[in-house]
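Structural overview for review
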Amino acid sequence: MKIIWNEMKKIWNLKNIIMIILLSTMCYIVFLQFHIKHYPNGHPQAETLALSTMLTEKYGSTIEPDEFNEFLQMREELVKAADQAIVENSDLAKREIKNYAELQEYENRLSDENATWEDREELQKIMNEFYNLPADTGSGVTEFYSDSEKKKYGSDTPKLAYMLPAFDNIVEKYENGATHLLQSEAPAIYHKRWNDMINTGEWRSPICWEVIENTTQYAQNLVALLMLLSLLCFAPLLTSDRVRKIHLLQYTAKQGRKIIGKQLLAVLISSILLTTTLFLVFGGIYAQNDTQLFWNNYVSSFNGMMTSIPLTFGQYVIVICIMMYLMGIAVSVVAFLLSRFAANYIVLLAGLIPTFVVSVMLCDKLFFNPLNGFKNGIALFDPMVCGIILLVVVVVGVGVLVRERRIDILV
Amino acid sequence: MKKIINSYAIWGFLLVCILFNVVLILSIGIDPYADYVKKVSVHTGLQLGERFNQKLTAFVQGENLKNDNSEQLVSETNETETNFLQNEDQKQYNQEQLASETNETEANLSQKESQKWRNSEQFYQESLIQETTEVSDVFDGYDTGKIADTYVQTFRLKGKLAENMRNKYADLQKIADEKGKHDDSLSLYFAGSTYGQHHKLFFSVMRSIIIEGVLLSVLIVLFSIGYENSNRIEDIVYSSKAGRPIVMKKLIAVVVTGIFFYLLLLGASLGLYFSVNDYSGIWQSNVSSSFNGIGDIIMGFRPFLTWHNFTVLSYLFATIGVSLILILCFSLMGFVAGICIRNSYVGFFALFFVNALLVTVTAILPPDSYFLFTLMLSPICLLIKQPVWFTDGGFDILWKNFEIRGVGASVVVMAIIVVVAAIKFRKREII
């Protein structure tokens, strides 16, 4: 135990801790912050999220048909607000557009395939005026957003003009019964899953795609940081001993060659510690987005995507966390193995750089919409691949440990 | 140099880089339409216009005569040929006819048949005719002042910054007018596949090669400088007749070796790329073709307007030239890191950290900061901006020919730092 503790002290020295803090800060500023500061990004994403949030707060984790009918009545309020905003806008009034219905009619006329270039420019100007109307224009619209939502959006505050198309889009998807999630030429396994989704009522979850996408993109960036820190912290452990020939002394001690097993254990414990620390810190930061509101909503939703197994958003996040643990441990073991075979730091670096590139590219693919559908016809493809990678790496690691006990130390 | 060339680690890393590039090039794939355009260019030349249209029509006609179902196609082509010789209104009408026929043909096919149609030579012929007859000179009446105004307003640039930004685009306007006069944008390149092909070569492949070259050169430098320390022979070597000035000789050796390995990497990677994607016949196309472009989130997609007149070949050579100097900059940075930090591993990550910090600082600084524009000339930022070298560079570049200014200034600054580091090294305690 003492040896494991001392090896961990070698990893968790002051220089490494400072390096972890600085690199994490830089990575947050350049990559991760975007998913907090610009969430949701653009329009009508902001409006879709606002409606999704409102639906979850009001109706819980599913929208039943009677609740949906109640939701439909909100459209009248939105149209009234749009009418009032148009009347109050002098530029739109100059063009004799008195209400939202007339605006839509004008839009249809000018976007007809026979419309001239001048017509289209005119339409662009009108729509720009309408789209730039502030969110709280007109009565009754602001009650659709909770105070916490209004505080969060910053520059992407929901806008009235995008609210109606977002509303209509949600209604259309719900009324179609989530049929857009299933392509007719999809394999039978997709049809079975879709039928299950419909029968259990999972599809009525009000979660929106923007929540899922933002979370998975944040996870993608976080796992790249995890790969970098794992390789940086754990790779020099054995190389520093080998460069100074200290491993020869270690092997003559009472512990003998078992020490390498303890060093590997120290790396595994440190990897779990590092991954947990990153979760706590960056997960806590991500909580600012209030995505935990959707914790009990099914991810397979008319407004989201179709996962290969029924999962709530909370369970989906947990699966992503488990995948990150698996990849973090796998890369740590790879770093340890590189460290064992690197005679000097240049050889170590020559191995670390390609390992980092390959691991980031692999994680990019695995964490891109994980569990969305059936990749290669397999239900839990992404977590399974993470598990297989870890298994292969651990088997190789155990092989190296066994080999270490037998080989001549002068090799 | 012998030590470096005998190092398995360096050769191993080079091989891994080449392997990565092989996978990258093969995964990018081949564009059959680009291949077709290249084949046609041998007969038509690269300058678009009436003569090109006539030669193209003649070529298409000749090709179609070779096919079994030539009769219908010949009559269509004859009709097309006749119409191309008529006035502009008639030409416009026939283009629309052709497009609608193509759309109608495609609309009537199932998805698989539609895909097959898209891969057919007839589709390529019709696409090429449509693209090359509809193309116009993008630099006719092109106003770069709008770009300057947009950037100044969006980022609220004031005073000297706004003036510099406007001056840059005022100078670019002269270039655009010259290009408009000489019809530089009426260059075939790869027609509709131009953006994709240009992007593949200069955004994906060249960028990957340059980054690998930088990493390779830094590893070589750190290997050489850290050799004595890692083998515990510092006290022997530095007390020899050569003494500490040996590091300056090492500097020359690592720079030469770094360039040698980079050229090996370049040769192997580009050799594979051009054997898979044949550019023969296209080399003399102008990179400022109407079919090419760059984009940013503020101005959207706009013409690929270079400060100098570049063909594809000269642009490639210019990129390689600047990349060599960039690699020299990073080699000098590696040298300083190797001298100041005896542990090569720590030295590499100190270098990595400094460059990462530079990038982070550029992300934090407000867009109207003069310091930001200066930092954009640092080697790491130039590396990031590699796809837009020799153009205006976008909203975060204040000067013309930024890449040449940047590498030039970086070499001078690094040379000064190297001399200071070498002088300090002479006095440093090695025990």
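Conventions and cut-offs
- Residues numbered from 1 in each chain as written.
- Chains lettered and ligands numbered in written order.
- Predicted model: local features only at pLDDT ≥ 70, side-chain atom pairs only at ≥ 80, totals over all residues.
- Heavy atoms only, no water.
- Domains from an automatic or database assignment.
- Contact = heavy atoms within 4.5 Å.
- Buried area = accessible area lost by both parts, 1.4 Å probe.
- Salt bridge = Lys/Arg side-chain N within 4 Å of Asp/Glu carboxyl O.
- Polar contact = N/O pair within 3.5 Å; in protein donor to acceptor, adjacent residues only side chain to side chain.
- Nonpolar A, V, L, I, M, F, W, Y, C, P; charged D, E, K, R; others polar.
- Buried < 20%, exposed > 50% of the residue type's maximum accessible area, 1.4 Å probe, protein only.
- Helix = DSSP H or I, 4+ residues; strand = E, 2+ residues; numbered from the N terminus.
- Phe/Tyr/Trp six-rings, centres within 6.5 Å; stacked < 30°, edge-to-face > 60°.
- Disulfide = S-S within 2.5 Å.
- Axes fitted to C-alpha atoms, helices over the stretch in contact; angles between N-to-C directions.
- Parallel < 35°, antiparallel > 145°, perpendicular 65-115°, else oblique.
- Left-handed = near helix turned anticlockwise from the far one by under 90°.
- Arc of directions from axis to C-beta.
- Core = buried A, V, L, I, M, F, W, Y, C linked by side-chain atoms within 4.5 Å.
- pLDDT = per-residue confidence, 0-100.
- Patch = residues over 30% accessible without salt bridge, like charges linked within 9 Å, V, L, I, M, F, W, Y side chains within 5 Å.
- Areas by Shrake-Rupley, 256 points an atom, 1.4 Å probe, with all protein chains shown as cover.
- 1 Å grid on protein atoms, 1.4 Å probe; cavity = no way out; pocket = protein on both sides within 12 Å on 5 of 7 lines; lining within 4 Å.
- Points joined across faces, edges and corners; volume = space filled by probe spheres on them.

Residues and elements named next belong to chain A. Domain annotation of chain A identifies domain 1 (2-32 + 207-404) and domain 2 (45-175). The distance between the C-alpha centroids of domain 1 and domain 2 comes to 44 Å. Listed as interface residues are 13 residues of domain 1 and, on the opposing side, 15 residues of domain 2. Each partner contributes to the roughly 1,200 Å² buried at the junction of domain 1 and domain 2, and carbon and sulfur atoms together form 64% of this total. There are zero salt bridges connecting domain 1 and domain 2. At the boundary of domain 1 and domain 2, one finds three residue pairs in polar contact (both at pLDDT 80 or more). For the side of domain 1 that touches domain 2, the per-class residue count stands at six nonpolar, five polar and two charged.

Attention shifts here to the pattern of salt bridges. Residue and element names in this part refer to chain A. By the definition in use, this model includes 18 salt bridges over all chains. A salt bridge links Asp-241 to Arg-244, with the shortest nitrogen-to-oxygen separation between them at 3.9 Å. Under the relative-accessibility criterion, Asp-241 is labelled buried at 3%. By relative accessible area, Arg-244 is classed as partly exposed at 47%. Each of Glu-7, Lys-10, Asp-241 and Arg-244 takes part in salt bridges that share partners, so that together they form one network.

Chain A puts 24 residues into the contact, and the matching count from chain B is 24 residues. Carbon and sulfur atoms supply 87% of the area buried between chain A and chain B, which totals about 2,000 Å² over both sides. A per-residue breakdown of the area chain A buries against chain B is headed by Met-26, Ile-346 and Leu-349 of chain A, which together make up 30% of the total. In this structure, the connection of chain A to chain B is made through zero salt bridges. Our count for the contact surface shared by chain A and chain B stands at one residue pair in polar contact (both at pLDDT 80 or more). Of all the secondary-structure elements, those providing two or more residues to the side of chain A that touches chain B are helix H2 (14-32), helix H13 (209-234), helix H14 (236-243) and helix H18 (345-366) of chain A. Per-element accounting of the side of chain A that touches chain B gives the leading share, eleven residues, to H18 of chain A. Here the side of chain A that touches chain B is built from residues that sort into 22 nonpolar, no polar and two charged.

Turning next to the packing of aromatic side chains. All names here are of chain B. Counting across every chain of the model gives 38 aromatic pairs over all chains. Geometrically, the ring pair formed by Tyr-273 and Phe-274 is edge-to-face, given 5.3 Å between the ring centres and 80° between the ring planes. In terms of burial, Tyr-273 and Phe-274 fall into one category: buried.

What follows covers the state of the cysteines. This model, assessed by the stated rule, comprises zero disulfides over all chains. Cysteine Cys-208 of chain A remains unbridged, with the sulfur of Cys-321 of chain A as its closest cysteine sulfur at 20 Å. Looking at the unpaired Cys-17 of chain B, the closest cysteine sulfur is the one in Cys-329 of chain B, lying at 20 Å.

Residue and element names in this part refer to chain B. In contact at an axis separation of 10 Å, helix H3 (residues 32-44) and helix H8 (residues 121-134) are set at 70° when each is read in the N-to-C sense. One way to sum up the angle between H3 and H8 is to call them roughly perpendicular. The element H3 and its partner H8 pack so that their crossing is right-handed. Across the interface between the two elements, Pro-32, Tyr-33, Tyr-36, Val-37, Lys-39 and Val-40 from H3 touch Glu-121, Tyr-124, Gln-125, Ser-127, Leu-128 and Glu-131 from H8.

Let us look at helix H1 (residues 2-11) of chain A. Residue and element names in this part refer to chain A. Within H1, the full set of buried residues consists of Ile-4, Glu-7, Met-8 and Ile-11. All buried residues of H1 lie within an arc of 100° about the axis, which places them on one face of the element. Away from the buried face of H1 by more than 90 degrees, exposed residues Lys-2 and Trp-5 are located. Looking at the packing, one finds that the buried side of H1 touches H2, H13, H14, helix H15 (246-252) and helix H16 (259-286).

Let us now look at the packing of helix H11 (residues 194-225) of chain B against helix H14 (residues 246-276) of chain B. Residues and elements named next belong to chain B. Remark: H11 packs on H14, axes separated minimally by 9 Å, with the N-to-C direction vectors making an angle of 150°. In this view, H11 runs roughly antiparallel relative to H14, as classed from their interaxial angle. In the crossing of H11 with H14, the sense of the turn from one axis to the other is right-handed. Taken together, the residues that form the contact of H11 with H14 break down as 17 nonpolar, six polar and three charged.

This part covers the nonpolar core. By size, the foremost hydrophobic cluster in this structure holds 199 residues, and its most contacted members are Phe-367 of chain A together with Leu-128, Met-206, Leu-270, Tyr-345 and Trp-389 of chain B. Residues contacting Met-206 of chain B, with those up to four places away along its chain left out, are Leu-201, Tyr-262, Leu-266, Leu-270, Leu-316, Thr-319, Ile-320 and Gln-386 of chain B. Counting 43 residues, the second largest nonpolar core, distinct from the first, contains Ile-63, Tyr-100, Leu-103 and Tyr-106 of chain A.

Right, let's get into the confidence of the model for chain B. Looking at chain B, pLDDT values average 84 and 87% of them are 70 or higher. Two numbers describe this predicted complex: its pTM, 0.85, and its ipTM, 0.81.

Here we take up a nonpolar patch on the surface. Residues and elements named next belong to chain B. Judged by side-chain polarity, Met-1, Ile-5, Trp-11, Ile-252, Val-256, Phe-260 and Leu-264 come together as a nonpolar surface patch covering roughly 600 Å² of accessible area. In terms of residue count, the dominant contributor to the nonpolar patch is H14 (four residues). With respect to the helices, strands and loops of the structure, Val-256 is situated in helix H14.

The next thing to look at is empty space enclosed by the protein. Residue and element names in this part refer to chain B. Applying the stated criterion across every chain yields a total of five cavities of 30 Å³ or more. Quantified by volume, the largest cavity comes out at close to 60 Å³. Of all the secondary structure elements, the ones that give two or more residues to the lining of the largest cavity are helix H13 (234-238) and helix H15 (312-340). Residues belonging to the lining of the largest cavity are distributed by class as follows: five nonpolar, three polar and three charged.

This part covers the side chain of Thr-44 of chain B. Residue and element names in this part refer to chain B. With respect to the secondary-structure elements, Thr-44 resides in helix H3. What makes Thr-44 buried here is its relative accessible area of 4%. For Thr-44, the contacting residues outside a window of four places in its chain are Phe-52, Lys-55 and Leu-56.

Time to look at the confidence of the model for chain A. Residues and elements named next belong to chain A. Summing up the model confidence of chain A, the mean pLDDT is 84 and the portion of residues at 70 or higher is 92%. At the low end of the mean pLDDT range in chain A sits helix H10 (residues 147-153), at 46; at the high end sits helix H17 (residues 313-341), at 94. Segment residues 145-149 is flagged for pLDDT under 50; beyond a separation of four residues in sequence, or across chains, it makes nine contacts in the model. Considering only residues more than four positions removed or in separate chains, one finds that residues 151-155, a stretch of pLDDT under 50, has ten contacts.

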